[in-house]
Amino acid sequence: AQSVTQPDIHITVSEGASLELRCNYSYGATPYLFWYVQSPGQGLQLLLKYFSGDTLVQGIKGFEAEFKRSQSSFNLRKPSVHWSDAAEYFCAVGAPGGATNKLIFGTGTLLAVQP
Amino acid sequence: GAVVSQHPSRVICKSGTSVKIECRSLDFQATTMFWYRQFPKKSLMLMATSNEGSKATYEQGVEKDKFLINHASLTLSTLTVTSAHPEDSSFYICSAAMGPGGREQFFGPGTRLTVL
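Here goes a summary of the coordinates provided. (Residues numbered from 1 in each chain as written. Chains lettered and ligands numbered in written order. Predicted model: local features only at pLDDT ≥ 70, side-chain atom pairs only at ≥ 80, totals over all residues. Heavy atoms only, no water.)

## Considerations on the overall build of chain B
Phase 1 of the analysis: A count of helical and extended segments in chain B gives zero helices and eleven strands.
Phase 2 of the analysis: Listing the helices and strands of chain B from first to last along the sequence gives β-β-β-β-β-β-β-β-β-β-β.
Phase 3 of the analysis: Computed over C-alpha atoms, the radius of gyration of chain B comes to 13 Å, within 12% of the 13 Å expected from 2.2 N^0.38 for 116 residues, which places it in the range of a compact globule.
Phase 4 of the analysis: Considered along the principal axes of its C-alpha atoms, chain B spans approximately 40 × 25 × 25 Å.
Phase 5 of the analysis: Here chain B holds 116 residues, and 53% of them are scored as buried.
Phase 6 of the analysis: Contacts in chain B between residues at least 24 apart in sequence constitute 55% of all its contacts with a sequence separation of at least 6.
Phase 7 of the analysis: As presented, chain B carries roughly 5600 Å² of accessible surface, and 53% of it is formed by carbon and sulfur atoms. (Helix = DSSP H or I, 4+ residues; strand = E, 2+ residues; numbered from the N terminus. Rg over C-alpha atoms; globule rule 2.2 N^0.38 Å. Buried < 20%, exposed > 50% of the residue type's maximum accessible area, 1.4 Å probe, protein only. Contact = heavy atoms within 4.5 Å. Areas by Shrake-Rupley, 256 points an atom, 1.4 Å probe, with all protein chains shown as cover.)

Written out as structure tokens, the structure is:
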């Protein structure tokens, strides 16, 4: 069965510092991979996605993620964090080839940004 | 493009009443829609998958008689919480996928349900 692990429940970084949020998945083949961001009381905004091809994916708001098959990981990175990046971040996995691509979400990482 | 709306954004109801939440794909046809539930400070839990014109597929542990899902058209799915109780209070989020096996889901802004 698919599963997604986000090991870090809560991360605090200083504004301007670099950021890496970890995501590991369990799936028999290469899944579809997504990162979403959620502000309090809001829906989900897609940051980036990976289906196939280049393993380094660029997203919105200066975020990028790298798919590493050998490590079953899809970590999210940003070189310089802004205060407005404070939010909850979810990694999600979808299974290709099915009639309906259900998503399995990780437990989320809450990012706090210090001035 | 690919905008999904939900209505209402916030609803408060009395225990024992039923509440209907609408999910609409505004600029595309959604063959498949998904309903999620999110508890405070928790992740999203998939409740059910609905395909236009057919019965919804519920995840294990989700009461289909309590959470009625209807996907009557390619742009509208509804979730009705029947005989709501305080424990049904939650944030409900829908998403929609384009075409069969659509690889990406587009999420609505969510509905906050509070049952008194």
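## Section: the interface of chain A and chain B
Frequently, the measure chosen for interface size is the accessible area removed from exposure when the parts meet.
Phase 1 of the analysis: Taken residue by residue, the interface counts 21 residues in chain A and 22 residues in chain B.
Phase 2 of the analysis: Where chain A abuts chain B, roughly 1700 Å² becomes buried across the two surfaces, and 55% of that area is made up of carbon and sulfur atoms.
Phase 3 of the analysis: One can count two salt bridges joining chain A with chain B.
Phase 4 of the analysis: The partner of Lys102(A) in a salt bridge is Glu59(B), and the shortest N-O contact between them spans 3.0 Å.
Phase 5 of the analysis: Viewed at the interface, chain B and chain A are joined by five residue pairs in polar contact (both at pLDDT 80 or more).
Phase 6 of the analysis: Looking at the side of chain A that touches chain B, the elements that each hand over two or more residues are β5 (32-38), β6 (44-50) and β11 (103-105) of chain A.
Phase 7 of the analysis: Residues that form the side of chain A that touches chain B fall into these classes: ten nonpolar, nine polar and two charged. (Buried area = accessible area lost by both parts, 1.4 Å probe. Salt bridge = Lys/Arg side-chain N within 4 Å of Asp/Glu carboxyl O. Polar contact = N/O pair within 3.5 Å; in protein donor to acceptor, adjacent residues only side chain to side chain. Nonpolar A, V, L, I, M, F, W, Y, C, P; charged D, E, K, R; others polar.)

## Points about the pattern of salt bridges
Residue and element names in this part refer to chain A.
Phase 1 of the analysis: Here the structure, examined in full by the defined rule, presents eight salt bridges over all chains.
Phase 2 of the analysis: A salt bridge links Lys78 to Asp85, with the shortest nitrogen-to-oxygen separation between them at 2.8 Å. As far as the burial class goes, Lys78 and Asp85 line up, both buried.
Phase 3 of the analysis: Through salt bridges with shared partners, a single network forms among Glu64, Glu66 and Arg77.

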